[in-house]
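# Examination of the molecular architecture
Chain by chain, the residues run as shown.
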Amino acid sequence: MSVTAITLRELHRIHGQLAELRGRRERGPKQIQAHEASVAHLKAELEKARQTVKQTRVMVDKKQLDLKAAEQRVVDWKVKLNACQSNKEYQALQEQIAAAEMAGSVLSDEILEGMERIDVLDQAVVIAQGHVVAGENELAKVRDKIEQAAGLVEGDIKRLEVDLVALETVLPADFRSDYNRVVQGKGAEGLAPVEDGVCGGCGKQITLNMQNELLLSKPVFCRSCGRLLYVPETA
């Protein structure tokens, strides 16, 4: 039973290319999902910014109504001053008016601060909207790129799978089961070159007898990692 190094090298090359292409095929949808998740996050941030603006406007509107009501109470109390029957009653109204005017002044300041905050929040909404647009544009680009490449990748995979089946037919029948076991278990990592008597997969030294068997085109498996070994082209 013999298996040439040329055959094993070509098998390793095809398995490696197939692994890379299949990885690209699997990564494509994941990349799209990652960008979709990013856009969803940006949209959530935009909605959060909008809700903050809305809540702040409601708060400012309420304070404006409170201020208007307080100002009206002050007007009413000032009218009542002329109808006071005693100094005590007059003084009490004066104190109420002074306290209400002080509270109104504080409320006016809070309203002004709220309106300034709304301006800042509105700008934050505009920025968040820009982030969403940019994220959606990037998602569209990534989706188009991956979808366009998907057909080429699938074509390359099918072509290599045909080449692999054709090449595997030249393997000795009594060796096929060992080969299948290694490839099914390790994939492209199931084969490794030997350089300077060292397994290229695990870095362990192989015996001189194993090296001689390789030179005689006999199938050799690394006793440490189980990889199918072959002599590299430069050896």
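In the block above lies the structure referred to throughout.
A brief structural summary. (Residues numbered from 1 in each chain as written. Predicted model: local features only at pLDDT ≥ 70, side-chain atom pairs only at ≥ 80, totals over all residues. Heavy atoms only, no water.)

## Quick word on the packing of helix α1 (residues 5-81) against helix α2 (residues 87-168)
Between α1 and α2, the least distance of the axes is 5 Å, while the angle of their chain directions is 165 degrees. Here α1 is positioned roughly antiparallel relative to α2, judged by the angle of their axes. At the point where α1 passes α2, the crossing takes the left-handed sense. Counted by class, the contact of α1 with α2 contains 36 nonpolar, 17 polar and 24 charged residues. (Axes fitted to C-alpha atoms, helices over the stretch in contact; angles between N-to-C directions. Helix = DSSP H or I, 4+ residues; strand = E, 2+ residues; numbered from the N terminus. Parallel < 35°, antiparallel > 145°, perpendicular 65-115°, else oblique. Left-handed = near helix turned anticlockwise from the far one by under 90°. Nonpolar A, V, L, I, M, F, W, Y, C, P; charged D, E, K, R; others polar.)

## So, the pattern of salt bridges
What the rule picks out here adds up to 13 salt bridges. The residue Asp163 makes a salt bridge to Arg159 at a minimum N-O spacing of 3.8 Å. Placement of the pair is Asp163 and Arg159 together in helix α2, with a separation of four residues, close to one helical turn. Take Asp163: its relative accessible area is 33%, and that puts it in the partly exposed class. The exposure class assigned to Arg159 is partly exposed, which follows from its relative accessible area of 43%. Its salt-bridge partner being Arg227, residue Glu189 comes within 3.6 Å of it at the nearest N-O pair. In this pair, Glu189 is assigned in the loop between α3 (173-186) and β1 (191-195) and Arg227 in the loop between β3 (220-221) and β4 (228-230), connecting sequence segments 38 residues apart. Given the relative accessible area of 13%, Arg227 is considered buried. Where salt bridges share partners, they join Asp156, Arg159 and Asp163 into one cluster. (Salt bridge = Lys/Arg side-chain N within 4 Å of Asp/Glu carboxyl O. Buried < 20%, exposed > 50% of the residue type's maximum accessible area, 1.4 Å probe, protein only.)

## Concerning α3
The α-helix winds at 3.6 residues per turn, so residues separated by three or four positions along the chain end up facing the same way. Its 14 residues give α3 an end-to-end C-alpha distance of 21 Å, which sits within 8% of 20 Å, the value for a rise of 1.5 Å per residue. Along α3, the positions that sit buried rather than exposed are Phe175, Tyr179, Val182 and Val183. Buried residues belonging to α3 abut α1, α2, β1, β3 and β4. (Expected span 1.5 Å × (residues − 1). Contact = heavy atoms within 4.5 Å.)

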